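A closer look at the structure
These are the residues of each chain, in order.
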Amino acid sequence: MFIRKSGRFAVPPAGGCGPVVLLAALCLLAGAPVLAQQPAAAPRYSLSIPSFDEIPLDVIPPAPAPVKRQPPKPAPVAKSPEEQAAYDKIGKEQRPDERIKLVEDFLLAYPDSEFKQSVYLAAADSYRRKNDLPRMLTYAELTLAEDPENLQALLTLAEALPESVRRDDPAFVDRIDEAAEYAHKALDLASRMARPANATAEQWQRLRKQVEVAARLALALTAMMREEYPAAEAEYVAAFGLMERPDALSLYRLGLTYSLQKKYDEALSTLRRAVEAG
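All values reported here derive from a predicted model rather than from experimental measurement.

About the criteria used
- For every chain, the first residue of the written sequence is number 1, and numbering continues from 1 onward in sequence order.
- It should be noted that, the model being predicted, local features are given only for residues of pLDDT at least 70 and side-chain atom pairs only at 80 or more, the latter also being counted only at that level, while totals for whole chains, interfaces and linings use all residues.
- The basis for every side-chain value is the complete set of heavy atoms in the structure, and neither hydrogens nor water enter the calculation.
- To pair, rings of Phe, Tyr and Trp, with the six-membered ring standing in for Trp, must have centres within 6.5 Å; the planes then decide the type, stacked if under 30 degrees apart, edge-to-face if over 60, and tilted in the middle.
- Only protein chains enter the accessibility calculation, which uses a 1.4 Å probe; a residue is then buried when its area is under 20% of its type maximum, exposed when over 50%, and partly exposed in between.
- Numbering of helices and strands starts at the N terminus; helices are DSSP runs of H or I of at least 4 residues and strands are runs of E of at least 2.
- Across the chain, each position has a pLDDT score giving the predictor's confidence in that residue, from 0 to 100.
- The contact definition used throughout considers only heavy atoms, calling two residues in contact when any of these lie within 4.5 Å.
- One side-chain nitrogen of Lys or Arg within 4 Å of one carboxyl oxygen of Asp or Glu is enough to make a salt bridge.

Examining the packing of aromatic side chains
- For the coordinates displayed, the defined rule picks out 6 aromatic pairs.
- Between Phe106 and Tyr110, the aromatic rings sit 5.2 Å apart at their centres with planes inclined by 50 degrees, giving tilted as the arrangement.
- Its relative accessible area of 2% is what places Phe106 among the buried residues.
- Ring plane angle 50 degrees and centroid distance 6.0 Å describe the contact between Tyr120 and Tyr139, whose orientation is recorded as tilted. One end of the pair, Tyr120, is in helix α4 (residues 116-129); the other, Tyr139, is in helix α5 (residues 133-146), and 19 residues separate them in sequence. One exposure class covers both Tyr120 and Tyr139, and it is buried.
- Three or more aromatic residues joined by ring pairs form one cluster here, namely Tyr87, Phe106, Tyr110 and Phe115.

So this is what it looks like as structure tokens:
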């Protein structure tokens, strides 16, 4: 396992693509299009955020405050057949470098496209596959500049920012604070999301639970980076309470958190579970 050094203890990069992988199902329930799936590479920075192939192409509309309810945002629509064809081409391209070139060409040709957020996220995913964390973050931040409530971008940044900075970096505190802020905002949005009419209550509850897991795991990591180990433990325990089967990396991190609190029995037990989870 590759372990990134961060200050006086080692924090491994996030792994898998689990906690919010069902967001694509939510997109389908809402009637939005999804690009063709691409075979996933094995990037060095493997986040638990779903890849571009699994994310919604429109922004999941958060539910407004009960006093002022607003209709959901419409799904993005191409302004011409050429724009639609260029967009579809991005979805069909499997190679990260070629996909990035298509994204750049698309943004130059259609700067006002309604697909801009999805295209930014396509670039972010391509850079993730190339193990280029800084550029991945850039495109996630561009997505938020378009829509500060883009849930996919919020979760991407919440999980990736702690991986982007070392403890001796002058920006360390600010970046960790940003990550926590994005995670809290994602939790808030998840609590206010409007359920699509064609989604069952059970489906909707499951999807919101997946979002909460991703956000709480991000908050646990930021607490670890701040050396706030009791807070990190609480977030991991809360996330595991929502998961059918905690993943190996999250178990490893909880075990490390126990160890740093001198809770050695709990640490050993949890690390054994991490090994069993593989």
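Quick notes on the confidence of the model for the protein chain
- The predicted model of the protein chain averages 80 in pLDDT, with 74% of residues at 70 or higher.
- Below pLDDT 50 for its whole length, residues 49-65 participates in 70 contacts with residues either more than four positions away or in separate chains.
- In this model, residues 67-71 is a region of pLDDT below 50 whose contacts with residues beyond four sequence positions or in other chains number 3 contacts.

As for the pattern of salt bridges
- One pass over the structure, following the stated rule, counts 20 salt bridges.
- Ionic pairing is found between Glu93 and Arg95, a salt bridge with its closest N-O pair at 2.9 Å.
- Overall, the relative accessible area of 49% leaves Arg95 in the partly exposed class.
- Taking the shortest distance from any N to any O, the salt bridge between Arg166 and Asp168 comes out at 3.7 Å.
- Take Arg166: its relative accessible area is 45%, and that puts it in the partly exposed class.
- Through salt bridges with shared partners, a single network forms among Arg99, Asp125, Arg128 and Arg129.

Points about the environment of Val119
- With respect to the secondary-structure elements, Val119 resides in helix α4.
- What makes Val119 buried here is its relative accessible area of 1%.
- Residues Val119 and Thr143, spaced 24 residues apart in sequence, show a C-alpha to C-alpha distance of 8.9 Å.
- Once residues lying within four places of it in the same chain are set aside, the contact partners of Val119 are Tyr87, Ile90, Val103, Phe106 and Leu107.

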